[in-house]
Amino acid sequence: MSAIEPNGSFDWHRMWVVARTDLRQLLKSKDYLLPMVGLGLVFFVVVPTALLLTLTRVDSSTMAARVSDSLAILPEAAQAQILGSTPGGRTAYALAVFLFAPVAVVVPLTISTAVGAATIVGERERGTGEFLAHSPASVREIYMGKLFASVIPGYATTIVGFGLYSLMVNLVVGPDVGGWFFPTSQWWVMMLWIIPPFLLLALSLVLRLSARVKSTAAAQQASGLITLPLIGIAYSQATGSLLGNGDSAGWIVGAVAWAIALVSLHRGVRSVTRNRLLGVAQ
Amino acid sequence: MDTNPPHTNAIVELSGIGHSFGATEALKNLDMSVPEGRITVLLGPNGAGKTTTARVVTGALTADSGRVRTFGRDPVTEGHLVRPHCGVVSAKPALYDRLSGRDNLDYSAELYGVKTDKERRIRDAAGRFGIDAALDDLVGGYSTGMKTRLALARSILHDPRLLLFDEPTSGLDPESSSAVLSYIRDMTTEGRTVVMCTHLLSEAEGLADHIVIMEGGTDLISGSPEVLTKRFWPHPVVTLNSSDQRLLERMRGWNGVVGMRNDPSGARIELDDIDRVPDLVAALVADGIPITRVEPHTPTLEDLYFLIRRKLGERARADGLEVADPLDPVSNTTLAPSHGMGPGSRSADHMPVIEVPDGLPPMTERPHETDLHETDLRETR
């Protein structure tokens, strides 16, 4: 007998139904929702606000001068972009624009990885994989539904966090650098062009793991190992594109990441099979 | 070949199905057909391959070998045409505990493409199974019985032609079990076809229009219970008791007595005609034998099941194979004759007494599906 399920037509509505149901469960799960919101708040609001307020509002010219001196290690192109007339203002601008970039990478990857790792193996553990395996949903629809259900919490948290971060940066640092300045064009490129493919790439790997391992705990352990280097790469690429010359570096990094992510996603579809949903795959 | 009346069409046909999980053969050369509009019961002990069979029928599991046709289609390559017409209730209800009952039903309705009257259908299905009052509660707070009812409601939302129930009364109390079985019976009155997997003989007895007895991943025998019992017990059987049971031995060889099996619980007399009973009793009384009980005996599915198991064992032993004794509570602990006797709970006291005419009908006179082939014996052991 043929062991391969034919591709058939792709029902976007059915895919969205799978994703929506997973999201609905997440929203009803306080033990997941609270850490997710907390992570976003800490990284995007609490820590940056505390640091930037310290630099701009506390009268410590010695500390500001020392931090300002360290800006000399930034590339010249980046240094040329720094606004502000006081050491404190210039330092705050540099921190806000260049040094908090990794936050935008770490938050979505951490949240989405946690969701993605549990998504398929979780169905199996709860026994609901049996329901999906018998359902008319194709494995591609299930895979894509799970992918979206994993991407959306991380990316949505990041977008909301980014909005709050932008507001805070403009309110705190803006007066010292001549008005509202954030987001810069590099940040727009990073948020809309670089972060999504890295997120998809990470999830394509995590979903493969989730389909193969025997428990959610194992999936989360293993996905941590996979996404850690990926976070490192995303960190360096995102930071590099911000520090580089203009927007072109960001566009190139994003294009390469998109290509790799799409190939990985395409190959990842094969990891979800009905046998694996049932938990009987060998 | 099917022993059901010829007017029924097979909605599912499996032939030569084989499937292994690693070194374990779950299905071995399984042949089976499911007549349309009837309740087909897959009966067998745990590990017989019932669940795997149900999975193969919808294409949830791809068999390693053999041919599967559901609604005349291959459920693997044409699953998108098969699965929308199937409703499945698995052994675990497979519900989302963090969602409400309504959300669970809504999810199923959307996945199965229910577009018109979705809300009404959800209300109706929930009402039918008596869970409408709890529809907005989280499923995690449901009792086992409520979960089963919700799973049943979910299975019919999209008005499927074929329903597959895998141990649907598992974990339920007798009242809930009875209600669930009643619901299942109702399904077929609406023209649906039902396949139910169970290891409970009592459930199969009252419910099955068609039965497939399975063991070791293969079908031992299939057909309607009436036809099968008639085949193995072609003559009427009467149970007689006397204050001195040994005196009944005199009946052997009497005119009209085809067979006899005498033990302390009663003498099972096989007659060529049930109308001989009054004459027989009169003759016994005239002979001075005190009769304390005369009762016609209708062979049950339980009798049939254990007869087949016993005969298989006898044949295998005759071939020098080591086999489990179907009446041995130690070696055979997976098939419960009635409610409340789950795996491992059987004892010799609870085992039904098998009193049947000696010997199976000659193999050459029986149709294919009732043949107990030597290969079957070898493979099932």
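Residue numbers here run from 1 along each chain, matching the order of that chain's written sequence. For this description, chains carry letters from A and ligands carry numbers from 1, given in the order in which they are written. Reporting of local features is limited, given that this is a predicted model, to residues whose pLDDT is at least 70; pairs of side-chain atoms are given and counted only at 80 or more, and all residues count toward the totals for whole chains, interfaces and linings. Processing note: side-chain calculations cover all non-hydrogen atoms of the structure and skip hydrogens and water entirely.

What should I look at first to understand the interface of chain A and chain B in this one?
Quoted interface sizes are often the accessible area lost when the parts come together. Taken together, the 34 residues of chain A in the interface contact 37 residues of chain B. Take the accessible area each of two parts loses on contact, using a 1.4 Å probe, and add the two losses: that sum is the buried area. Between chain A and chain B the total buried area reaches about 3300 Å² when both faces are included, carbon and sulfur atoms providing 59% of it. Here a salt bridge means any side-chain nitrogen of Lys or Arg lying within 4 Å of a carboxyl oxygen belonging to Asp or Glu. A salt bridge links Arg98 of chain B to Asp31 of chain A; the shortest N-O distance between them is 3.7 Å. We define a polar contact as two N or O atoms separated by no more than 3.5 Å, with the added condition that, inside protein, one atom must be a possible hydrogen donor and the other a possible acceptor, whereas residues neighbouring each other in sequence contribute only through side-chain atom pairs. Where chain A meets chain B, there are ten residue pairs in polar contact (both at pLDDT 80 or more). Residue assignment for the side of chain A that touches chain B shows that the elements contributing at least two residues are α1 (12–27), α6 (101–126), α7 (128–134) and α13 (274–278) of chain A. Looking at the side of chain A that touches chain B, the element that brings in the most residues is α1 of chain A, giving eight residues. Gly counts as polar in this scheme, as do all residues outside two lists: the nonpolar Ala, Val, Leu, Ile, Met, Phe, Trp, Tyr, Cys and Pro, and the charged Asp, Glu, Lys and Arg. For the side of chain A that touches chain B, the per-class residue count stands at 13 nonpolar, eleven polar and ten charged. Whether two residues are in contact is decided by their heavy atoms, any of which lying within 4.5 Å being enough. Comment: elements are numbered from the N terminus, with helices defined as DSSP H or I runs of at least four residues and strands as E runs of at least two.

How should the domain arrangement of chain B be read in this particular structure?
Throughout, the edges of the domains are those of an automatic or database domain assignment. Domain boundaries in chain B define domain 1 (10–226 + 362–380) and domain 2 (234–296). Measuring from the centre of the C-alpha atoms in domain 1 of chain B to the corresponding centre in domain 2 of chain B gives 43 Å.

Help me understand the pairing of strand β12 (residues 266–271) of chain B in this model?
Strand residues, when the strand is regular, have side chains that alternate between the two faces of the sheet. All names here are of chain B. For the exposure calls, accessible area comes from a 1.4 Å probe over protein chains only, and a residue counts as buried if that area is under 20% of its type's maximum, exposed if over 50%, partly exposed in between. Among the six residues of β12, six are classified as buried, and the element is accordingly described as predominantly covered. Because side chains alternate across β12, one face comprises the buried residues Gly266, Arg268 and Glu270, and the other comprises Ala267, Ile269 and Leu271, equally buried. The sheet contact formed by strand β10 (residues 237–242) and β12 spans four bridges and is antiparallel. Residue pairing in the sheet places Val238 in a bridge with Ile269 of β12. Pairs of strands are assigned from DSSP output, requiring at least two bridges between the strands. Here strand β11 (residues 257–263) pairs with β12 via six bridges, running antiparallel. Looking at β12, one finds that Met260 is bridged to Ile269. Where β11 hands over to β12, the hairpin turn is made up of two residues, counted between the paired strands.

What exactly am I supposed to notice about the pattern of salt bridges here?
Side-chain pairs of opposite charge can arise whenever the charged atoms involved come near each other. All names here are of chain A. For the coordinates displayed, the defined rule picks out 30 salt bridges over all chains. Two residues, Glu123 and Arg126, come together in a salt bridge whose shortest N-O distance is 4.0 Å. Placement of both Glu123 and Arg126 in helix α6 is noted, with a separation of three residues, approximately one turn of the helix. Given a relative accessible area of 39%, Arg126 falls into the partly exposed group.

What am I meant to see in unusual backbone geometry here?
What is expected of a backbone is that most residues other than glycine have negative phi and most peptide bonds are trans. A cis geometry characterises the amide bond from Phe182 of chain A onward to Pro183 of chain A, with omega recorded as 5 degrees. Tracing the sequence through the fold places Pro183 of chain A in the loop between α9 (174–177) and α10 (185–212). One non-glycine residue, Ala94 of chain B, lies in the positive phi region at around 55 degrees. Its location among the elements puts Ala94 of chain B in the loop between β5 (86–89) and α3 (101–111). With a phi close to 55 degrees, Asp159 of chain B is a non-glycine residue in the positive phi region. Of note, Asp159 of chain B is situated in the loop between α5 (144–156) and β6 (162–166).

Please clarify how α5 of chain B should be interpreted in this entry.
Take the number of residues in a helix, subtract one, and multiply by 1.5 Å to get its expected span. The end-to-end C-alpha separation of α5 of chain B is 19 Å, in line with the 18 Å expected for 13 residues at 1.5 Å each. Summarising burial for α5 of chain B: ten of the 13 residues are buried, a large majority. Every buried residue belonging to α5 of chain B is among Gly145, Lys147, Thr148, Leu150, Ala151, Leu152, Ala153, Arg154, Ser155 and Ile156 of chain B, and all of these are buried. In the core, the buried residues of α5 of chain B are packed alongside α7 of chain A together with β5, α3, α4 (118–128), β6 and α6 (174–189) of chain B.

What is the right way to read the environment of Met196 of chain B from this model?
All names here are of chain B. One can find Met196 in strand β7 (residues 193–198). The spatial distance from the C-alpha of Met196 to the C-alpha of Ser33 is 13 Å, given a sequence separation of 163 residues. Once you skip the residues sitting within four places of it in the chain, Met196 turns out to touch Thr40, Val41, Leu42, Phe165, Pro168, Leu181, Ile184, Glu203 and Leu207.

It is not clear to me how the layout of surface pockets should be interpreted in this structure. Could you clarify?
Take a probe with the size of a water molecule and roll it over the atoms, and the empty space left behind shows itself. Method remark: on a 1 Å grid restricted to protein atoms, a set of points is classed as a cavity if a 1.4 Å probe fits but cannot get out and as a pocket if it is open with protein on both sides within 12 Å along at least five of seven lines; lining residues have an atom within 4 Å of a point. Grid points are joined across faces, edges and corners, and a volume is the space filled by probe spheres set on the points. What the second largest pocket holds in volume is close to 510 Å³. Gln25, Ala118, Gly122 and Arg126 of chain A together with Arg98 of chain B are the residues nearest the centre of the second largest pocket, which is lined by 22 residues in total. When residues of the lining of the second largest pocket are traced back to their parent elements, those giving at least two are α1, α2 (30–57), α6 and α8 (139–172) of chain A. With seven residues, the single largest contributor to the lining of the second largest pocket is α6 of chain A. By residue class, the composition of the lining of the second largest pocket is nine nonpolar, four polar and nine charged.

Help me understand the side chain of His199 of chain B in this model?
Assignment of secondary structure puts His199 of chain B in the loop between β7 and α7 (201–207). Side-chain polar atoms of His199 of chain B contact the side chain of Glu167 of chain B, separated by 3.0 Å.

Explanation requested: the sheet that holds strand β4 (residues 65–70) of chain B in the structure shown.
Two strands in a sheet stick together by hydrogen bonds in their backbones, pointing the same way (parallel) or opposite ways (antiparallel). All names here are of chain B. Judged by pairing direction, the sheet is antiparallel, and its three strands sit side by side in the order β2-β1-β4 without closing on themselves. Each having just a single partner strand, β2 (24–35) and β4 make up the two edges of the open sheet. Strand-to-strand twist in this sheet, taken as the mean axis angle between neighbours without regard to direction, amounts to 15 degrees. Relative to β4, strand β1 (residues 10–21) runs antiparallel, the two sharing five bridges. What sits directly across from Val12, in β4, is Thr70. Sheet contacts for helix α1 (residues 50–58): β1, β2 and β4; angle to β2, the most-contacted strand, approximately 60 degrees. Every angle, taken between N-to-C directions, lies between 0 and 180 degrees, and every axis is a line fitted to C-alpha atoms, over only the stretch in contact when it is a helix.

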